[in-house]
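Architecture and fold: a report
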Amino acid sequence: MSIIITIDGYSSCGKSTLARQLARELNYLYIDSGAMYRAITLYFLRNHVDWAVVAEVHKALDEINLHFEYNSHTGQSDMVLNDENVEALIRDMLVSEHVSEVAAIKEVREFSVAQQQKMGEKKGIVMDGRDIGTTVFPHAELKIFVTADPAVRVERRFKELIERNPNLTIEEVKNNLELRDYTDSNREFSPLRKAADAVELDNTHLTREQQLATALKWAQERIQD
Ligand code: DC
């Protein structure tokens, strides 16, 4: 039996690493839902969309086409926005600074969630984000809520970004993470919450291999049910 696996948690907890590994092990589709909110944010910034004005948001969403495309070099799926591969651009600090604000907009969430639900129709999917176990797939067979010590998260994120942003300071990364955690958890529509039936995975002291082994065991139990 194929199942749906949801992975939610705060920013830079290692959700996408785990989701990607799990999908590879199980031969499932991996979807990074955050990439969709990032691509929408990139479009809004480039096109000077005033996202405080609902009509502007509607018009912009009508012009946005999102899909994932397999990248044979990395073995991963890249985010494509209106035929342009934006996988690298959406990881920029400018996008990170605005994405939580854009992701809090009701119309943006409805637009994204509808597409995410469609991707899960055939099951056999691992999706990571903030509201996947609560709103996108409330009936998923396995829901994982990933946590990690905040200082460890800042360090991981800094290491990830410093290569492409050599002027970045650890303080900037810390502020951005704290602000995003706050905005994601306190927004009106589908705030970040641990689903009541989610299992928690604290990976502060776990290697990637240990983390994967734990999640894989949970997945195999659900698949056999
Ligand atoms: O996972 P990430 O850091 O790439 O996500 C970027 C932002 O998108 C994050 O600040 C919160 C938002 N997001 C969301 O609101 N719901 C999701 N399912 C995934 C991401």
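Now for a quick tour of the structure.

Definitions and limits used
Residues numbered from 1 in each chain as written. Predicted model: local features only at pLDDT ≥ 70, side-chain atom pairs only at ≥ 80, totals over all residues. Heavy atoms only, no water. Buried < 20%, exposed > 50% of the residue type's maximum accessible area, 1.4 Å probe, protein only. Helix = DSSP H or I, 4+ residues; strand = E, 2+ residues; numbered from the N terminus. Arc of directions from axis to C-beta. Contact = heavy atoms within 4.5 Å. Pairing = 2+ DSSP bridges. Axes fitted to C-alpha atoms, helices over the stretch in contact; angles between N-to-C directions. Phe/Tyr/Trp six-rings, centres within 6.5 Å; stacked < 30°, edge-to-face > 60°.

**Here's the deal with helix H3 (residues 54–62)**
Regarding H3, the residues found buried are Val57, Ala60 and Leu61. End-on view of H3: buried residues confined to an arc of 100°, all on one side of the axis. In H3, the exposed residues that point more than 90 degrees away from the buried face are Ala55, Lys59 and Asp62. Summarising the contacts, the buried residues of H3 are in contact with helix H2 (33–46) and helix H5 (106–119).

**Overview of the sheet that holds strand E4 (residues 76–81)**
If you trace the three strands from one edge of the open sheet to the other, you get E3-E4-E5, paired in antiparallel fashion. Edge positions in the sheet fall to strand E3 (66–71) and strand E5 (84–85), since each of these pairs with one other strand and no more. As paired elements, E3 and E4 share six bridges and run antiparallel to each other. Looking at the pairing, leucine 66 lines up with leucine 81 of E4. Against the sheet, H2 engages E3, E4 and E5, with an angle of about 30° to E4.

**Let's talk about the packing of aromatic side chains**
Here a ring pair, both rings aromatic, is described through the centre-centre distance and the interplanar angle of the planes. Scanning all chains against the criterion turns up two aromatic pairs. With a centroid separation of 6.4 Å and an interplanar angle of 80°, the aromatic rings of tyrosine 10 and phenylalanine 145 are classed as edge-to-face. Taken together, the residues tyrosine 10 in the loop between strand E1 (4–9) and helix H1 (15–26) and phenylalanine 145 in strand E7 (residues 142–147) connect sequence positions 135 residues apart. Looking at tyrosine 10, the relative accessible area reads 30%, which means it is partly exposed. With centroids separated by 6.2 Å and ring planes inclined at 25°, the aromatic side chains of phenylalanine 44 and tryptophan 51 adopt a geometry described as stacked.

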